[in-house]
Amino acid sequence: MISNIAKSMISANKSARDLPVTPLLDFMINLIKDWNYSNKKLATEIFIKVGQKYEDTLEENFISARKMMVKSSNNLFYTVYDGGSRYVVSMEERKCKGFLLDEFPCPHSLAIIKKFNMEPCQYYSVYYKKEYLITTYEESVHHIPNKTT
């Protein structure tokens, strides 16, 4: 299985595949520099607290959460009823199947967040936050020095 990054690289370097090694490396470095610049620019310009992809996921999860009923036994554990299923969710420990897999609020936790007017972003993993996304693109991509001079 090929990753999305590999697919992007394969499609982006089609025109440079027949180049000698040094021009090919220059092409690839420039390509990565352009991607790095455009992604960093995009990350710094967004006004939401998480990346757009995760904001969309959050919206979908909120829509699913509307159908759920929440009961609180105490401030540590909540019972969420989703159709015929019952889920016990710990917001403090972030224990629910969705939390464990993605470290991102699942529909069950969002039902609790909505009912008790909590702030969803405090339950995101740092990897989804805008600040972390920006640090991904902080490093510069440098050219290979010319050995002939």
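Scroll up a little and you will see the structure.
Residues numbered from 1 in each chain as written. Predicted model: local features only at pLDDT ≥ 70, side-chain atom pairs only at ≥ 80, totals over all residues. Heavy atoms only, no water.

Student: Would you mind going over unusual backbone geometry in detail, with residue names and values included?
Tutor: For Asn117, which is not glycine, the phi dihedral falls at a positive 50°. Position of Asn117 among the secondary structure elements: in the loop between helix H5 (107-115) and helix H6 (130-136). (Helix = DSSP H or I, 4+ residues; strand = E, 2+ residues; numbered from the N terminus.)

Student: Could you give me a rundown of helix H3 (residues 52-65), with the residues and numbers involved?
Tutor: The end-to-end C-alpha separation of H3 is 20 Å, in line with the 20 Å expected for 14 residues at 1.5 Å each. Looking at H3, one finds that the buried residues are Leu58, Asn61 and Ala65. Down the axis of H3, the buried side of the element spans an arc of 65°, and every buried residue falls inside it. Among the exposed residues of H3, those pointing more than 90 degrees away from its buried face are Lys53 and Glu60. (Expected span 1.5 Å × (residues − 1). Buried < 20%, exposed > 50% of the residue type's maximum accessible area, 1.4 Å probe, protein only. Arc of directions from axis to C-beta.)

Student: With reference to specific residues and values, describe a nonpolar patch on the surface.
Tutor: A surface patch of nonpolar side chains, amounting to about 250 Å² of accessible area, comprises Leu76, Phe77 and Val88. Its place among the elements puts Leu76 in the loop between strand S1 (69-72) and strand S2 (77-82). (Patch = residues over 30% accessible without salt bridge, like charges linked within 9 Å, V, L, I, M, F, W, Y side chains within 5 Å. Areas by Shrake-Rupley, 256 points an atom, 1.4 Å probe, with all protein chains shown as cover. Salt bridge = Lys/Arg side-chain N within 4 Å of Asp/Glu carboxyl O.)

Student: Account for the packing of aromatic side chains, naming residues and giving values.
Tutor: Counted under the stated rule, the structure contains one aromatic pair. Centroid distance Tyr78 to Phe116: 5.3 Å. Interplanar angle 45°. Geometry classified as tilted. Note that Tyr78 is positioned in strand S2 and Phe116 in the loop between H5 and H6, a separation of 38 residues in sequence. Judged by its relative accessible area of 35%, Phe116 falls in the partly exposed class. (Phe/Tyr/Trp six-rings, centres within 6.5 Å; stacked < 30°, edge-to-face > 60°.)

Student: Residue-level account of the packing of H3 against H5, with values.
Tutor: Taken N-terminus to C-terminus, the directions of H3 and H5 make an angle of 75°; their axes are 8 Å apart at the nearest point. If you check the angle between H3 and H5, you find them roughly perpendicular. Contacts from Leu58, Asn61, Phe62, Ser64 and Ala65 of H3 reach H5 at Pro107, Leu110, Ala111 and Lys114. Classifying every residue of the contact of H3 with H5 gives six nonpolar, two polar and one charged. (Axes fitted to C-alpha atoms, helices over the stretch in contact; angles between N-to-C directions. Parallel < 35°, antiparallel > 145°, perpendicular 65-115°, else oblique. Contact = heavy atoms within 4.5 Å. Nonpolar A, V, L, I, M, F, W, Y, C, P; charged D, E, K, R; others polar.)

Student: Can you explain the environment of Arg86? Please cite residues and give values.
Tutor: Structurally, the position occupied by Arg86 is in strand S3 (residues 85-90). In this structure, the C-alpha to C-alpha distance between Arg86 and Val70, residues 16 residues apart in sequence, is 9.8 Å.

Student: Give me the nonpolar core: which residues, what numbers.
Tutor: Core analysis: the biggest nonpolar cluster contains 19 residues, and Val70, Val80, Val89, Met91, Ala111 and Ile112 have the highest contact counts within it. Those elements that place two or more of their residues in this core are H3, S2 and H5. Among the elements that line this core, the one with the most residues is H5, at four residues. Excluding its chain neighbours within four sequence positions, the residues that come into contact with Ile112 are Val70, Tyr78, Val80, Val89, Met91 and Met118. (Core = buried A, V, L, I, M, F, W, Y, C linked by side-chain atoms within 4.5 Å.)

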